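# Fold and geometry: a report
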Amino acid sequence: MMSLCPRNYSYCPSVIIWQSDEAVPRISVTDLEVSRHRISLFLSTHNAYELLPESGKIIALDVNLPVKQAFHILYEQGISVAPLWDFCKGQFVGVLSALDFILILKELGSHGSNLTEEELETHTIAAWKEGGKLHLTRTMDGNGASFSRRHLVHAGPNDCLKDVALKILQNKVATVPIIHFSSQDGSVPQLLHLASLSGILKCIYRYFRHSSSSLPILQQPICSIPCGTWVPKIGDSKPFAMLRPNASLSAALALLVQAGVSSIPIVDDNGSLLDIYSRSDITALAKDKVYAQIRLDEMSILEALRLGQDANSPHGVFNGQRCQMCLRSDPLHEVMKRLANPGVRRLIIVEAGSNRVEGIISLSDVFKFLLGYPDFVGHHFT
């Protein structure tokens, strides 16, 4: 059921359209070129070794593990992606991500599915990657080109940070494994790290934080630069997906897949931000094997989010802790500072006071803008 629209808002199913009369300052072409050149130079002269932490652990999964066991491992370890190891080949051959589990659950919930919950006990990751995933993605997009990837996207420790960032952007992945080969024939691979745009951005911020004047665009408010995905003005054709708390989990997962985005804002009747549902939230369904007991079209987003919340939390489900926000007036350097924090992949742009959602700016949006990457204005996928 739709409610009355606040001023400057109109509703259509699952989509909120916003229009602003605020004048937007223009950015200097010279400032943009100077800033991009200096950032590109920095990234080209620093390598992936600098991303490696002093200590830490990386979870890798054998491709012969049952899908069900892998699902529970990701949930228990609090991670949303893991590299895949093929013992027979002696190689890392891919990654298992939250998107895989979204596709699996959609397959389980579809009519005429050939993959049952019981089969998850014996259905291996390799079988899913080679069979079920390719079939399902081809069914969804016509040819499977969006999600089927036949090779592992990885980088070496001596690769420059710019090349690592471009691999992430070009392949639309969240992480790239950093692999060192001890032998010349590549027969002894060592997994060193999972590189992300967050780690690279942290290097940029740390290097330039005391000399921000050398990057003029860092002082610009984000509303003045073509960066991020914004709620369109009335009359624009490009939609911006948001959902209400009572929308079904099935609707949320369908939007994540079909729109090719990594998260969806959850808003109230006034369009004010309550929470966000992300791809990685799917792993919460592994808790007590909830995925085997529910129908995706009967569970609401509110109920799904509760699964990932501490039952003893005094703040309730919509406590705001998961939602990292910013204002359209915030300068780019402040946005970069927040996005450089571990675990933060995007900021929700809200209106001051009302918290009405105005857009999303993600790690990939920032890097596309900073590097002048083709089509850097568009969907957030990181």
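Let me sum up the structure you'll find in this document. (Residues numbered from 1 in each chain as written. Predicted model: local features only at pLDDT ≥ 70, side-chain atom pairs only at ≥ 80, totals over all residues. Heavy atoms only, no water.)

What follows concerns helix α10 (residues 363-371). In terms of burial, α10 is a largely internal element, 9 of the 9 residues being buried. Looking at α10, one finds that the buried residues are L363, S364, D365, V366, F367, K368, F369, L370 and L371. In this structure, the buried side of α10 is in contact with α1 (29-44), α5 (161-171), α6 (197-208), β8 (229-230), α9 (332-339) and β13 (357-362). The first or second residue beyond α10 is G372, which carries a positive phi of 65°. (Buried < 20%, exposed > 50% of the residue type's maximum accessible area, 1.4 Å probe, protein only. Helix = DSSP H or I, 4+ residues; strand = E, 2+ residues; numbered from the N terminus. Contact = heavy atoms within 4.5 Å.)

Glancing now at the sheet that holds strand β12 (residues 346-350). Sheet strands pair by backbone hydrogen bonding; their relative direction is either parallel or antiparallel. Spatially, the 4 strands line up as an open sheet ordered β8-β13-β12-β11, and their pairing is mixed. The two strands at the open ends of the sheet, each matched to only one other strand, are β8 and β11 (325-327). Note: β8 against β13, 2 bridges, orientation antiparallel. Within β13, the position partnered with T229 by the bridge is I360. Seen against the sheet, α9 touches β11, β12 and β13 and runs at an angle of roughly 135° to β12. Lying on the sheet, α10 is in contact with β8 and β13; it crosses β13 at an angle near 70°. (Pairing = 2+ DSSP bridges. Axes fitted to C-alpha atoms, helices over the stretch in contact; angles between N-to-C directions.)

To continue, consider the nonpolar core. Considering soluble globular proteins, one finds that nonpolar side chains tend to be buried as a cluster. Grouped together as the largest cluster of nonpolar side chains are 48 residues, with contacts concentrated most on L332, I361, F367 and F369. Contributing elements (two or more residues each) for this core: α1, α5, β6 (175-181), α6, α9, β12 and α10. Filtering out sequence-adjacent residues up to four positions away, F367 remains in contact with A165, L169, L197, I200, L201 and I204. Counting residues in hydrophobic clusters, the runner-up holds 43 residues, among them L61, I104, L243 and Y277. (Core = buried A, V, L, I, M, F, W, Y, C linked by side-chain atoms within 4.5 Å.)

The next point concerns the sheet that holds strand β4 (residues 81-86). Taken in spatial order, the 3 strands line up as β3-β4-β5 in an open sheet, and their pairing is mixed. Edge positions in the sheet fall to β3 (61-62) and β5 (91-97), since each of these pairs with one other strand and no more. Alignment of β3 against β4, held across 2 bridges, turns out to be parallel. Looking at the pairing, D62 lines up with W85 of β4.

With respect to the element layout, L51 can be found in the loop between α1 and β3. Accessibility expressed as a relative area gives 11% for L51, which makes it buried. It is 7.9 Å that separates the C-alpha atoms of L51 and H193, two residues lying 142 residues apart in sequence. Ignoring anything within four residues of it in the chain, the contact list for L51 reads L161, H193, A195, G199, I200 and C203.

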